[in-house]
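Examination of the molecular architecture
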Amino acid sequence: MFDLADTQEIINLTAWQKRPFGSSTQSVHGQVDGRQPRAHNSLTTPIMQTAAYTFENTADLRAFKEAKLWGQAEGRGEYGRYGNPTVRAVEKRIAALENGDDAILFPSGMNAITHVLLSILPTGSHIIFTDDCYHKTRHFGNVFLKRLGIESTQVPMGDAAALEAAIQPNTRIIISESPTNPYLRIADLEQLAAIAQKHGVKTMIDATFATPINQKPLDWGIDLVVHSATKYFSGNNDLLAGAVVGKVELIGALRQSQGVLGGVIDPHAAFLLERGLKTLALRVAQQNQTAQAVAEFLDSHPKIERVWYPGVPSHPDYAIARRQMSGFGGVVSFEVAPLPGEAPVDTTSRLVDAMTIPYIAPSLGGVESLIIQPAIMSYYELSSEERLTIGIKDNLVRFAIGIEDTADILADLEQALAQV
Ligand SMILES: *Cc1c(COP(=O)(O)O)cnc(C)c1O
């Protein structure tokens, strides 16, 4: 039988420690050495709902301050903005999943992204974005960073020559999503990392859509991976969070600046996030499977003009995706064929409205399927022409698949398509 005492003994074996856990084991347990005794022998990570930590007496406080000077104060709290044990436990688990040295959590994905950029970019520096990136990330670069004298250049996804040509002496970081939203474009991570390293530039990948179950950017030489943990990591559409994973020095620097900028996640949200993470591998496997079936079904459907899913050969990045990913994720985008006499935006809305399983809601990655028409959800304030200049068509649908049965999702699509 499985006995905890036996497990502790096995854990001490070096060969065993060297053997990497699979993603699902890591989702549940973190790293081998990640299983520390918990308060009151609690099986789950306790929620340490406290703003501050107490000291026995002045000598205890002095000892802590000395340890902190030497960077040896891990595990001992001082104030909530400088760390929390519930949050720390989740950070370690996420680092293990991404094959990273360390990870740091933030209260939202956007806070993670803006924190990294504000922390590492000096005035007068320059950053490069690949296009088709999260619209608020682009907004932050074009408006907020510009105000601080930081310029940004946008290069087309997949154009290595344009990327290299865009690098200036003051370029500090290249940022890309992979897969992107909503077209699921895939960055060639090995190539991206090689170009950046040649010029001494850091790289950051927003890998929210992939999750470490499908893709591990650090393994391809990328410096920082960022996630909107609101999506697949949480998996339950019930919290907001962000995570950054990378080398100890980089994450350590972010931890220092977090103490100043103050974007800290609440311990209760961190607890829910850990609970969500435990089922990440199972959920993503189901989402990969349904999305693949949906993409294949729509790819040959006469009422669908075009499908965007990296797991089908019609996608421009199919070959890179096959090389770099072990699954292609739970989001499928597609363009509805226009009907004579009806505006494409309206035909598409009728299809969206005819679906019964997915909710109409932004976000993705949770157990519930969600569907949107980006022209109406995220880009409503723009005109049809303005949307086209940034590549958002009126007949585009983003279908973020949940964990419902594949057969039910396919049947729902079939009945909805019969109505348009
Ligand atoms: C949702 C999302 C974000 C922003 O994350 P929040 O948690 O909503 O702040 C960033 N990047 C991608 C790819 C996303 O999907």
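Residues numbered from 1 in each chain as written. Predicted model: local features only at pLDDT ≥ 70, side-chain atom pairs only at ≥ 80, totals over all residues. Heavy atoms only, no water.

1. Some words on the environment of Val307
What counts is decided by this rule: Helix and strand assignments come from DSSP, with helices taken as H or I runs of at least 4 residues and strands as E runs of at least 2, each series counted from the N terminus. Any residue under 20% of the maximum accessible area for its type is buried, any over 50% is exposed, and the rest in between are partly exposed; the area is computed with a 1.4 Å probe on protein chains only. Throughout, a contact is declared for two residues whenever any of their heavy atoms are within 4.5 Å.
Relative to the helices and strands, Val307 is located in strand E8 (residues 304-308). Since its relative accessible area comes to 2%, Val307 is described here as buried. Between the C-alpha atom of Val307 and that of Glu296, which follows or precedes it by eleven residues, the distance is 8.7 Å. Filtering out sequence-adjacent residues up to four positions away, Val307 remains in contact with Ala295, Leu298, Asp299, Ser314, Val332, Ser333 and Phe334.

2. With respect to a nonpolar patch on the surface
To keep it simple, the criterion reads: Each patch is built from salt-bridge-free residues with over 30% relative accessible area, joining like charges within 9 Å and nonpolar side chains (Val, Leu, Ile, Met, Phe, Trp, Tyr) within 5 Å. Working definition of accessibility: Shrake-Rupley area with a 1.4 Å probe, residue cover restricted to the visible protein chains. Here a salt bridge means any side-chain nitrogen of Lys or Arg lying within 4 Å of a carboxyl oxygen belonging to Asp or Glu.
On the surface, Leu118, Leu148, Val260 and Leu261 cluster together to form a nonpolar patch covering roughly 380 Å² of accessible area. Tracing the chain through its elements places Leu148 in the loop between helix H7 (135-147) and strand E3 (151-155). Residue classification places Leu148 among the partly exposed residues on the basis of a relative accessible area of 41%.

3. Let's talk about the domain arrangement of the chain
The following threshold applies: Here the bounds of each domain stem from an automatic or database domain assignment. Buried area: the accessible surface (1.4 Å probe) lost by two parts on joining, summed over both. Here a polar contact means two N or O atoms within 3.5 Å. Within protein one must be a hydrogen donor candidate and the other an acceptor candidate, and residues neighboring in sequence count only if both atoms are side-chain atoms. Note that Gly is not counted as nonpolar here; it falls among the polar residues with everything else outside the nonpolar set of Ala, Val, Leu, Ile, Met, Phe, Trp, Tyr, Cys and Pro and the charged set of Asp, Glu, Lys and Arg.
Per the domain assignment, the segments making up the chain are domain 1 (23-48 + 84-277) and domain 2 (280-417). Averaged C-alpha coordinates put domain 1 and domain 2 at centres separated by 25 Å. The partner domain 2 presents 39 residues to the 35 residues of domain 1 that form the contact. The largest contributions to the domain 1 side of the interface with domain 2 come from Tyr183, Asn214 and Tyr232, which together make up 26% of the buried area. Our count for the contact surface shared by domain 1 and domain 2 stands at two salt bridges. Among the salt bridges present, the one from Arg185 reaches Asp317, with a minimum N-O distance of 2.6 Å. Linking domain 1 with domain 2 are 22 residue pairs in polar contact (both at pLDDT 80 or more). Looking at the side of domain 1 that touches domain 2, the elements that each hand over two or more residues are helix H3 (23-29), H7, helix H10 (211-214) and helix H12 (267-277). Ranked by the residues each element gives to the side of domain 1 that touches domain 2, the list is headed by H10, at four residues. Looking at side-chain class alone, the side of domain 1 that touches domain 2 contains 16 nonpolar, 15 polar and four charged residues.

4. Digging into the pattern of salt bridges
Tallied over the full model, the rule gives 15 salt bridges. Glu91 serves as the salt-bridge partner of Arg88, at 2.9 Å between the closest nitrogen and oxygen. Note that Arg88 and Glu91 are positioned in helix H5 (residues 85-97) at a spacing of three residues, about one turn of the helix. Pair check on accessibility: Arg88 and Glu91 agree, each one buried. Between Lys198 and Glu164 there is a salt bridge, and its shortest N-O distance comes to 2.6 Å.

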